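# Remarks on the overall topology
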Amino acid sequence: MELVAGCYEQVLFGFDVQREPEESGGHQKWTPVADFTHHAHTASLSVVAVNSRFVVTGSKDETIHIYDMKKKIEHGALVHHNGTVTCLKFYGNRHLISGAEDGLICVWDVKKWECLKSIKAHKGRVTFLSIHPSGKLALSVGTDKTLRTWNLVEGRSAFIKNIKQNAHIVEWSPKGEKYIVVIMNKLDVYQLDTASITGTITNEKRISSVAFLSESVLAVAGDEEVVRFFDCDSLKCLCEFKAHENRVKDILSFEIPEHHVLVSASSDGFIKMWKLKEDKKVPPSLLCEINTKARLTCLGVWLDKATGKKESLRPSAESSVSKEEQPKIDKKESGEVVQEEERQSGLNAKKCGLTGDGEKPAKGNSLVSAKKRKTIEMLEKKNRKKKKL
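The paragraphs below set out a description of the structure included in this document. Just so we're clear, the structure is a prediction, and the values are computed from it rather than from any experiment. (Residues numbered from 1 in each chain as written. Predicted model: local features only at pLDDT ≥ 70, side-chain atom pairs only at ≥ 80, totals over all residues. Heavy atoms only, no water.)

## Let's talk about the overall build of the protein
Heads up, the rule is: Helix and strand labels come from DSSP, where a helix needs a run of H or I of at least four residues and a strand needs a run of E of at least two; each type is numbered from the N terminus. Whether two residues are in contact is decided by their heavy atoms: any pair within 4.5 Å suffices. Methods summary: accessible areas were calculated by the Shrake-Rupley approach with a probe of 1.4 Å, and residue burial reflects only the protein chains presented.
For the protein, the helix and strand inventory stands at 1 helix and 30 strands. Contacts spanning at least 24 positions in sequence make up 48% of the contacts within the protein whose residues lie at least 6 apart. As displayed, the protein offers around 17900 Å² of accessible surface, 47% of which is attributable to carbon and sulfur atoms.

## Points about the pairing of strand E5 (residues 54–59)
Along a regular strand, successive side chains alternate from one face of the sheet to the other. Condition: Buried means the residue's accessible area, taken with a 1.4 Å probe over protein chains only, is under 20% of the maximum for its type, while exposed means over 50%, and partly exposed covers the values in between. Only when DSSP finds a minimum of two bridges between them are two strands counted as paired.
Most of E5 sits inside the fold, with 6 of its 6 residues counted as buried. The two faces of E5 match: Phe54, Val56 and Gly58 on one face and Val55, Thr57 and Ser59 on the other face are all buried. Pairing geometry for strand E4 (residues 45–50) and E5, over 5 bridges, is antiparallel. Bridging across to E5, Val47 finds its partner in Gly58.

## A word on the packing of aromatic side chains
We count it as follows: Only centres within 6.5 Å qualify two rings of Phe, Tyr or Trp (six-membered ring in Trp) as a pair; their planes then separate them into stacked at under 30 degrees, edge-to-face at over 60, and tilted for everything else. Placement of a positive charge over a ring is assigned whenever Lys NZ or Arg CZ falls within 6 Å of the ring centre and within 35 degrees of the normal to the ring plane.
Taken as a whole and judged by the stated rule, the model has 6 aromatic pairs. Between Trp172 and Tyr179 the ring centres are 5.2 Å apart and the planes differ by 70°, which places this aromatic pair in the edge-to-face class. Between Phe229 and Phe241, the aromatic rings sit 5.7 Å apart at their centres with planes inclined by 70°, giving edge-to-face as the arrangement. Of this pair, Phe229 sits in strand E22 (residues 226–231) while Phe241 sits in strand E23 (residues 237–242), placing them 12 residues apart in sequence. With respect to burial, Phe229 and Phe241 carry one shared label: buried. Site record: aromatic cluster; members linked through ring pairs are Trp172, Tyr179 and Tyr190. It is Arg19 that lies over the ring of Trp30; its NZ or CZ is 5.2 Å from the centre. Taking the ring centre of Phe270 as reference, the NZ or CZ of Lys272 above it sits at 5.7 Å.

## As for the pattern of salt bridges
Applied cut-off: What counts as a salt bridge is simple: a side-chain nitrogen of Lys or Arg found within 4 Å of a carboxyl oxygen of Asp or Glu.
Tallying each qualifying case throughout the model produces 14 salt bridges. With a closest N to O distance of 2.7 Å, Arg228 and Glu224 form a salt bridge. Per residue, the accessibility class of Arg228 equals that of Glu224, and both read buried. One salt bridge connects Lys242 with Glu245, and the closest N-O pair in it is separated by 3.3 Å.

## Side note on the environment of Asp231
Structurally, Asp231 is set in strand E22. Note on Asp231: relative accessible area 16%, which makes it buried.

## Here we look at the side chain of Ser140
Under the convention used in this document: In the analysis that follows, any N or O atom pair within 3.5 Å is treated as a polar contact, provided that within protein one partner can donate a hydrogen and the other can accept it, and provided that, for residues neighboring in sequence, both atoms belong to side chains.
Considering the arrangement of structural elements, one finds Ser140 in strand E13 (residues 137–142). With a relative accessible area of 0%, Ser140 lands in the buried category. At 2.8 Å, the side chain of Ser140 forms a polar contact with the side chain of Trp150. With residues up to four places along the chain from it excluded, the contact list for Ser140 reads Ile105, His122, Phe128, Leu129, Thr146, Leu147, Arg148, Trp150 and Val170.

## A look at the sheet that holds strand E2 (residues 11–19)
The strands making up a sheet associate through hydrogen bonds between their backbones, and the pairing can be parallel or antiparallel. Spelled out, the test is: Here, axes are lines fitted to C-alpha atoms. For helices the fit covers the stretch in contact, and angles between N-to-C directions go from 0 to 180 degrees.
With antiparallel pairing, the 4 strands of this open sheet are ordered in space as E3-E2-E1-E28. Of all strands in the sheet, those with a lone pairing partner are strand E3 (30–39) and strand E28 (296–302), marking the two edges. Averaged over neighbouring strand pairs, the angle between their axes works out to 20° when direction is ignored. Sheet topology note: the E2/E3 ladder contains 9 bridges and is antiparallel. Bridge assignment links Val11 to a residue of E3, and that residue is His39.

## Some words on the sheet that holds strand E9 (residues 95–100)
Reading across from one edge, E8-E9-E10-E11 is the order of the 4 strands in this open sheet, with antiparallel pairing throughout. Both edges of this open sheet fall to strand E8 (85–91) and strand E11 (114–120), since each of them pairs with a single strand only. On average, each strand axis in the sheet is tilted by 20° relative to the strand beside it, whichever way the strands run. For strand E10 (residues 104–109) and E11, the ladder comprises 6 bridges, and the chain directions are antiparallel. Looking across to E11, one finds that Val107 is bridged to Lys117.

## Things to note about the environment of Thr297
One can find Thr297 in strand E28. Spatially, the C-alpha atoms of Thr297 and Ser44 are 8.3 Å apart, while their sequence positions differ by 253 residues. Setting aside residues no more than four positions away along its own chain, Thr297 makes contact with Gly6, Cys7, Tyr8, Leu45, Lys249 and Asp250. Within the structure, Thr297 has its side chain in polar contact with the backbone oxygen of Leu45 (distance 2.8 Å).

## Description of the pairing of strand E7 (residues 73–79)
Taken across its 7 residues, E7 has 6 buried, putting it largely inside the fold. Bridge count between strand E6 (residues 63–68) and E7: 6 bridges; the pairing is antiparallel. If you follow Ile66 over to E7, its bridge partner there is Gly76. Count of turn residues in the E6/E7 antiparallel hairpin: 4 residues, of which Lys72 carries a positive phi of about 55°.

What follows is the structure, given as structure tokens:
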């Protein structure tokens with residue numbers, strides 16, 4: 001199990017969490033060990049996403065960096081967006097979907113790291129996106145005051161809903177029966193079958209991150225030290241606890257055998273792991289904490305699937321997709337979806353180790369086609385001949 005976190009200081013941290021055998025009384029010690037500190041971006045990190053093999057990071061420097069967690073190397077960088085990369089979501093092991101300040105949503109082939117489709121999704125920036133557990137639908141919100149539903153099977157817009165203000169978070173529940181939309185400190189709960197609001201939850205301060213703990217229980221973090229658990233049906237606060245000394249920037253939850261875990265990251269520099277109780281009215285207990293001494297912005301957990309561990313509440317990170325359900329990428333304009341650009345993704349392959357010294361890796365060979373490589377070699381030969389003459 002590896003905790004990964006990005007920060008304002010342009011660094012990606014990796015911590016390997018080791019669990020010792022349970023002692024008498026059922027107490028188990030969780031020990032985080034620093035694995036890597038990698039300075040790859042030239043601006044602050046904005047988002048992290050994880051699947052069974054890769055960790056990807058988005059930044060204000062307009063790039064997406066890829067890390068192969070099996071080999072512990074930086075795999076390359078995707079250059080397609082203009083503006084801050086605001087959201088990244090994996091679906092299974094085949095597709096990555098990105099959104100950015102330029103209003104584009106891009107679908108990437110994870111095997112070849114090619115941009116399969118670029119959609120002009122919002123008139124303003126894309127602030128958040130979420131993929132339905134089935135992989136057939138996606139939701140996105142942007143600064144054009146719209147909530148958009150995307151048909152991923154046909155690769156087109158399915159529905160547009162105007163909302164009164166700019167939403168900054170949208171998230172499907174684990175089973176996909178409901179979804180939530182966050183505007184400042186208010187959280188609207190929608191039912192999928194009616195697409196109507198069934199209730200509104202109000203937090204004390206602006207909401208920065210949410211995580212479904214079950215189909216009906218939601219963890220909410222905001223611009224404060226407290227994390228709250230809400231029931232989406234009754235709309236009541238089940239419990240709250242002080243998690244950090246400063247505002248909580250990101251939270252996520254996952255399940256492994258015998259443990260349901262919540263992870264939180266804060267501007268105070270700490271990453272904390274909490275053991276959730278069966279009764280969500282009872283605050284969780286602290287498993288371990290890490291002081292990164294950095295202003296954290298985003299968080300991810302990489303679970304080595306080879307060990308049989310499973311992340312159950314993040315379907316975008318762990319889902320098997322049948323061929324019929326895989327997003328179908330056509331290159332025709334249909335409905336509201338616009339094929340924005342046909343340019344290839346610029347994938348700079350920087351094959352290098354993730355080091356602990358925080359230094360930038362040396363650049364390696366770019367991933368280019370055989371045809372392009374031959375052209376480059378011919379030009380180099382011509383230049384050498386000219387120099388001899």
